[in-house]
Amino acid sequence: MAEALSPITRQVAKENQEIGTPSVDYRLEDVEDCLIYDRHGVPVPFKKLYQDRKSVIIFVRNFLCYSCKEYVEDLSKIPGEALEDADIRLIVIGQSAHRHIEPFCSLTGYPHEIYVDPERCIYQKLGMKREETYTDSAHPSSHVKSGIFMGQLKSIWRAMTSPAFDFQGDMHQQGGAIIAGPGPQVNFSHFDMNRLDHMPIDWLLQLAGVQQTLDFSDKPKILHV
């Protein structure tokens, strides 16, 4: 019999993921009391995000990362009513100081919930990678429009021109996505292998139970399915 591990983290590869995959085993008890912070610096226990409702929780690399910025710009296109109809929460978590939340939301137009984990407590305890791995079979994020060279230049320029010069988080830290709740159940998890390894947003929405698909190919529109 295989030895039980704590926490149990099962990586779901995008290549093998199918809509409607059964729930995966995952222990959130190890991170439920980790504190995250809102834009005002008010601490919130992580478990508050998924206790009462199903939540799609996106962990981003850092707020200066060009690929994270462009991914969150697409998250901002999700209408609030689509989330309300499905009774789910959409939450972004970064790893900067809380003072960077407001400028990041202004830059991306992101209107939904957002917090920070400046000590990377949740990132570390869930085992998210702190280096990048690229494979031949990897499919770059369709939500990232900039090339690596120009994207990095944009990130450096934003760092140099920001009021407080810093990189707004660990530049080597990778992110991920989980769908959790209500309660400690995790229905889906994906840990990014690199800066372009985001889960497609429409996949996440369908896995969370949103009965609508958002089209990111041009101007976003709701397609009823």
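*Asks:* Can you tell me about the state of the cysteines, naming the residues and giving the values?
*Replies:* Inspection of the entire model under this criterion finds one disulfide. The disulfide partner of Cys 34 is Cys 121, and the S-S distance across this bridge is 2.4 Å. One end of the pair, Cys 34, is in the segment before β1 (35–37); the other, Cys 121, is in helix α4 (residues 121–125), and 87 residues separate them in sequence. Accessibility expressed as a relative area gives 22% for Cys 121, which makes it partly exposed. Left unpaired, Cys 65 is separated from the closest cysteine sulfur, that of Cys 68, by 3.5 Å. Overall, the relative accessible area of 5% leaves Cys 65 in the buried class. On the basis of relative accessibility, which here comes to 1%, the residue Cys 68 falls in the buried class.

*Asks:* Which residues make up the nonpolar core, and what are the values?
*Replies:* In this structure, Ile 58, Leu 75 and Leu 204 are the most contacted members of the largest nonpolar core, which totals 31 residues. Looking at this core, the elements that each hand over two or more residues are β3 (54–59), α1 (66–75), β4 (88–94), α3 (101–108), β5 (113–116), β6 (176–180) and α6 (201–208). It is α6 that contributes the most residues to this core, five residues altogether. The next biggest cluster of nonpolar side chains, apart from the first, holds 21 residues, and it includes Leu 49, Ile 122, Leu 126 and Met 128.

Rules and cut-offs
Residues numbered from 1 in each chain as written. Predicted model: local features only at pLDDT ≥ 70, side-chain atom pairs only at ≥ 80, totals over all residues. Heavy atoms only, no water. Disulfide = S-S within 2.5 Å. Helix = DSSP H or I, 4+ residues; strand = E, 2+ residues; numbered from the N terminus. Buried < 20%, exposed > 50% of the residue type's maximum accessible area, 1.4 Å probe, protein only. Core = buried A, V, L, I, M, F, W, Y, C linked by side-chain atoms within 4.5 Å.

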